[in-house]
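# Structure at a glance
Now for the letters of each chain:
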Amino acid sequence: MKNISMEQYVLGVDIGSGSVKLTLLSQSGTIAGTAGCEYPTHYPQVGWCEQDPEDWCRAFRTALAQLKQATGVTAAQIRALAPDAATHTAVLLGEDHRPLRNAILWTDQRCREQVQRLRESHGDLIRTRCLNTPTTVWTLPQLMWLREHEPDIWTKTKHLLFAKDYLRYRLTGIMETDIIDAAGSMFYDVMEQCWSRELCQIGGIDMGWLPALRQPSDEAGTVTRAAAEEFGLAPDTRVLVGTTDTVMEVLAAGSVAPGHTTVKLATAGRICVITDSRLDSPFIFNYRHVVPGLWYPGTGTASCANSYRWYRDTLGRAEYEALNEPAEHIPAGCDGLMFHPYLNGELTPYNDPELRGSYTGISASHTMAHFTRATLEGVAMSLKDCMHTLQELGVTMGRVRIIGGGAKGKLWRQIVADVLGLTMEKVKVDDSSFGSAMLAAVGLGWYRDYAEAAERCIQVESVSVPDPEKQRVYEKLFARYKRIHDALAPIYRGE
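The structure presented is a predicted model; accordingly, all values stated were derived computationally and were not measured. (Residues numbered from 1 in each chain as written. Predicted model: local features only at pLDDT ≥ 70, side-chain atom pairs only at ≥ 80, totals over all residues. Heavy atoms only, no water.)

## Observations regarding the overall build of the protein chain
What counts is decided by this rule: Counting from the N terminus, the helices are the DSSP runs of H or I reaching at least four residues and the strands are the DSSP runs of E reaching at least two. The globule rule is 2.2 Å times the number of residues to the power 0.38, and the radius of gyration it is compared with is taken over C-alpha atoms. Burial classification: accessible surface area is computed with a 1.4 Å probe over protein chains only, and a residue below 20% of its type maximum counts as buried, one above 50% as exposed, and the rest as partly exposed.
Within the protein chain, the regular secondary structure consists of 16 helices and 23 strands. By the compact-globule yardstick of 23 Å for 495 residues, the protein chain fits well, its C-alpha radius of gyration being 22 Å. Along the first, second and third principal axes, the C-alpha atoms of the protein chain reach 65 × 60 × 40 Å. Classification of the 495 residues of the protein chain by burial places 61% in the buried group.

Quick look at the structure:
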């Protein structure tokens, strides 16, 4: 039997949409344990969405204590850690290096006016420098809103970090970020790989606030003695720079070569295809991969698992398994009931924050099971919108893996496979913290590269093959889905 006291481990840390998640990976490539701890999200006004950065740190401390207790692994055995978090989430610090306010999340909608101004006045420049189109998810319009509406906070700001950088700063005392997270700011020049003075001037951002730029696998430093005592780590633990949660999910799925595709059913939905170049479209998010020379351009569905969670809490009022079982017996298409998942507007292929969700075609014969299945089908239809956007750009999808919390449900996986007409593999573990653990392992030299890490660490758990008959049904229904969008969009815009 292997002596656990002799093993060495790396730790992946994900600052998620509602909790910190940890994955402990052994040098032999096996997952030794996982843990998590939730924290609150604040909604000061309709359409606003914020979190307290110190809540991330408290949750990390709690989850790490639980993980060590559950596994018996000591702090000294954790040789390195790498953090990740959602892109776009800026943390503003004052002279005392403490957060001046809660961090605005990417789901926040308050900066619509600033987005419109950026599109009208600087759209071409932003597309050239950032390779992306302004929407409310980006940091630049969020900061423009803060400058205009909270001038006291703005004048006190001395440093700007992103979510995973703040936790790493609390661990090491070093302020840095990586080039992928920086690309989510919309004041970073993606091609030149440097902060853009021109875009910072547009946003009124002092470039002296901005952290140094590093690669995700670079070592930022080691845990300070004070942080070691506070968080329960060894003071010599190496801390890598880390990166964004999406590219770590892509890595956790083993998407490390051109054509590899991930379909993500999480708070937001994503389809990302690995390419050797960026894609030119206002509806595509272009980001570099951690694999040198590759990109993971992707599409975005604003409310994916978030739609099902909303449905569960407000209409279904039952656990997911209890909702799914009756829905399995409802025919594809739900006897005419259709759902559009625009609870927070929509990204690909509309970039329209005014869109709203709807159930259409309701009749007296529809049951709760119909509404459950319609909700799952509606999100799958929005992902089909995303897939079409990629296909129209000539992108070829190779091996497809489905990831995210929503992918745990067999019914939803099958619906997505049927709607998209794609065979999908589900890996055993797909959390971004697992990807960050692999990043740390590569950074330590345990593996030659990310391809070897994926080969050694990732296991396929199941495969969903599309049903040809249901695929034909959904192909017809998708045309109706599009017509309903086209009919309702002008209403939501007040036209």
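There is more to say, and it comes next.
## Considerations on the packing of aromatic side chains
The criterion, for reference: Centres within 6.5 Å make a pair out of two Phe, Tyr or Trp rings, where for Trp the six-membered ring is used; the pair is then stacked when the planes are under 30 degrees apart, edge-to-face when over 60, and tilted otherwise. Sitting over a ring, as applied to charges here, requires NZ of Lys or CZ of Arg to be within 6 Å of the ring centre and within 35 degrees of the ring normal.
Scanning the model with the defined rule gives 16 aromatic pairs in all. Measuring from centroid to centroid gives 5.1 Å for tryptophan 48 and tryptophan 145, while their planes differ by 80°, and the two rings are edge-to-face. Pair noted here: tryptophan 48 is in the loop between β3 (31-38) and β4 (50-51) and tryptophan 145 is in helix α3 (residues 139-149), with a separation of 97 residues, a long-range link. Summarising the aromatic geometry, the rings of tryptophan 138 and tyrosine 287 are spaced 6.3 Å apart at their centres and angled 20° between planes, so their arrangement reads as stacked. Linking tryptophan 138 in the loop between α2 (112-130) and α3 with tyrosine 287 in the loop between β17 (269-273) and β18 (298-301), this pair joins segments that are 149 residues apart in sequence. A relative accessible area of 3% means that tyrosine 287 is categorised as buried. Pairwise contacts between aromatic rings join Trp138, Phe285, Tyr287 and Tyr296 into one cluster. Directly above the aromatic system of tryptophan 145 lies the positively charged group of arginine 110, at a separation of 4.7 Å from the ring centroid.

## Notes on the packing of helix α14 (residues 432-444) against helix α15 (residues 450-457)
As a reminder, the rule being used: The axes used here are C-alpha line fits, helices contributing only the stretch in contact, and every angle between their N-to-C directions lies in the interval 0 to 180 degrees. Working rule for angles: under 35 degrees goes down as roughly parallel, over 145 as roughly antiparallel, 65 to 115 as roughly perpendicular, anything else as oblique. Handedness of each helix crossing follows the sense of rotation of the near helix against the far helix: counterclockwise by less than a right angle gives left-handed, clockwise gives right-handed. Residue contacts are defined here by distance: any two heavy atoms, one from each residue, within 4.5 Å place the two residues in contact. Classes in brief: Ala, Val, Leu, Ile, Met, Phe, Trp, Tyr, Cys and Pro nonpolar; Asp, Glu, Lys and Arg charged; the others, Gly included, polar.
In the contact formed by α14 and α15, the axes pass within 10 Å of each other and the chain directions differ by 125°. Considered as vectors, α14 and α15 are oriented oblique to each other. Relative to α15, α14 is oriented so that their crossing is right-handed. Here α14 contributes Phe434, Met438, Leu439 and Val442 to the contact with α15, which in turn contributes Tyr450, Ala453, Ala454 and Cys457. Tallied by class, residues from the contact of α14 with α15 come to eight nonpolar, no polar and no charged.

## Structural notes on unusual backbone geometry
Omega for the bond connecting threonine 348 with proline 349 falls within 30 degrees of zero, at 0°, which places this linkage in the cis form. Positionally, proline 349 belongs in the loop between β19 (338-340) and β20 (358-360). The phi dihedral of histidine 97 is positive, around 65°, even though this residue is not glycine. Assignment of secondary structure puts histidine 97 in the loop between β6 (90-93) and β7 (103-104). Judged by its relative accessible area of 30%, histidine 97 is partly exposed. One non-glycine residue with positive phi stands out, namely leucine 131, at about 65°. For leucine 131, the location among the structural elements is in the loop between α2 and α3.

## Quick notes on the nonpolar core
Put simply, the rule is: What makes a nonpolar core is a set of buried Ala, Val, Leu, Ile, Met, Phe, Trp, Tyr and Cys residues whose side-chain atoms join them at distances within 4.5 Å.
One finds Val10, Leu143, Leu160, Phe187 and Ile205 to be the most contacted residues of the largest nonpolar core, which totals 78 residues. Among the elements that line this core, the one with the most residues is α14, at eight residues. Counting residues in hydrophobic clusters, the runner-up holds 50 residues, among them Leu265, Leu355, Val400 and Ile484.

## Looking at the pairing of strand β1 (residues 9-15)
Definition in use: A pair of strands counts as paired when DSSP detects no fewer than two bridges linking them.
The buried fraction of β1 amounts to seven of the seven residues, a majority that puts the element mostly inside the structure. Here β1 shows a buried face lined by Tyr9, Leu11, Val13 and Ile15 and a second buried face lined by Val10, Gly12 and Asp14. In the sheet, β1 pairs with strand β5 (residues 78-85) via seven bridges, with the strands oriented parallel. Counted as the bridge partner of glycine 12 is alanine 82 from β5.

## Here's the deal with the pattern of salt bridges
Note the threshold: For this document, the term salt bridge refers to a Lys or Arg side-chain nitrogen within 4 Å of an Asp or Glu carboxyl oxygen.
By the definition in use, this model includes 35 salt bridges. Notably, a salt bridge pairs aspartate 280 with arginine 127, separated by 2.8 Å at the nearest N-O pair. You can see aspartate 280 sitting in the loop between β17 and β18 and its partner arginine 127 sitting in helix α2, a full 153 residues away along the chain. Connected through salt bridges with shared partners, the residues Glu50, Arg101, Asp108, Arg110 and Glu150 form a single ionic network.

## Quick look at a nonpolar patch on the surface
Using the following cut-off: The patches reported here contain residues having more than 30% relative accessible area and no salt bridge. Joining distances are 9 Å for like charges and 5 Å for nonpolar side chains (Val, Leu, Ile, Met, Phe, Trp, Tyr). Only the protein chains shown count as cover for residues, with accessible areas throughout obtained via the Shrake-Rupley method and a probe of 1.4 Å.
Together, Trp310, Leu315 and Met368 make up an exposed nonpolar region whose accessible area comes to about 260 Å². The exposure class assigned to tryptophan 310 is partly exposed, which follows from its relative accessible area of 33%.

## Looking at the pairing of strand β2 (residues 19-26)
It is a general feature of regular strands that their side chains alternate between the two faces of the sheet. Within β2, seven of the eight residues are buried, which leaves it mostly tucked inside the rest of the structure. As paired elements, β1 and β2 share seven bridges and run antiparallel to each other. Looking at the pairing, leucine 11 lines up with leucine 24 of β2. Counting the residues between successive antiparallel strands, the hairpin from β1 to β2 contains three residues. Remark: four residues form the turn of the hairpin made by β2 and β3, two consecutive strands paired antiparallel; glycine 29 in that turn has positive phi of roughly 90°.

## Quick look at the packing of α2 against α3
The N-to-C vectors of α2 and α3 enclose an angle of 130°; their axes lie 11 Å apart at closest approach. Considered as vectors, α2 and α3 are oriented oblique to each other. By crossing handedness, the relation of α2 to α3 is classed as right-handed. Every residue of α3 that contacts α2 at Gln114, Val115, Arg117, Leu118 and Ile126 is listed here: Leu140, Pro141, Met144, Trp145, Glu148 and His149. Its residues assigned to classes, the contact of α2 with α3 comprises seven nonpolar, two polar and two charged.

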